[in-house]
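If you want the building blocks of each chain, they are given just below.
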Amino acid sequence: MATLAERLAEAENALHDLLLGQQSVEVRDSNGESVRFTPAKREALRAYIRQLTDEIAGAKRARMIHFQTSKGV
């Protein structure tokens, strides 16, 4: 299965091809299923790119854990 970064690169290349006039492009989603995008669905492809970008950012984001304790006083 492709990594998030690989799927993002594939989606960005597909958007580039659409913007250059290709009539349709095909990418594989996280389930490995093929999805075809046409110029009319360009915004859906952009949304998919945003989703992948957010997932990658979330995976790299440091998480803070806050503990609150009480001495029982």
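Residues numbered from 1 in each chain as written. Predicted model: local features only at pLDDT ≥ 70, side-chain atom pairs only at ≥ 80, totals over all residues. Heavy atoms only, no water.

Undergrad: Would you mind going over the nonpolar core with me for this structure?
TA: Generally speaking, soluble globular proteins have nonpolar side chains that are buried together. Within the largest apolar cluster, 13 residues are counted, with the highest numbers of intra-cluster contacts made by Ala11, Val25, Phe37, Leu45, Tyr48 and Ile49. Of all the elements in the fold, those that place two or more residues in this core are α1 (4-19), β1 (25-28) and α2 (42-60). Apart from residues lying up to four places away in sequence, Tyr48 is in contact with Arg7, Ala11, Val27, Arg28, Asp29 and Ser30. (Core = buried A, V, L, I, M, F, W, Y, C linked by side-chain atoms within 4.5 Å. Buried < 20%, exposed > 50% of the residue type's maximum accessible area, 1.4 Å probe, protein only. Helix = DSSP H or I, 4+ residues; strand = E, 2+ residues; numbered from the N terminus. Contact = heavy atoms within 4.5 Å.)

Undergrad: Sorry if this is basic, but what is going on with the pattern of salt bridges here?
TA: Two side chains that carry opposite charge are able to pair once their charged atoms sit near each other. Here the structure, examined in full by the defined rule, presents two salt bridges. Residues Glu26 and Arg36 are paired through a salt bridge, measuring 2.6 Å at the closest nitrogen-oxygen approach. Here Glu26 is found in strand β1, whereas its partner Arg36 is found in strand β2 (residues 34-37), with ten residues between them in sequence. Among the ionic pairs, Glu43 bridges to Arg46, the shortest N-O distance being 2.7 Å. Within this pair, Glu43 and its partner Arg46 are both found in helix α2, separated by three residues, close to a single helical turn. (Salt bridge = Lys/Arg side-chain N within 4 Å of Asp/Glu carboxyl O.)

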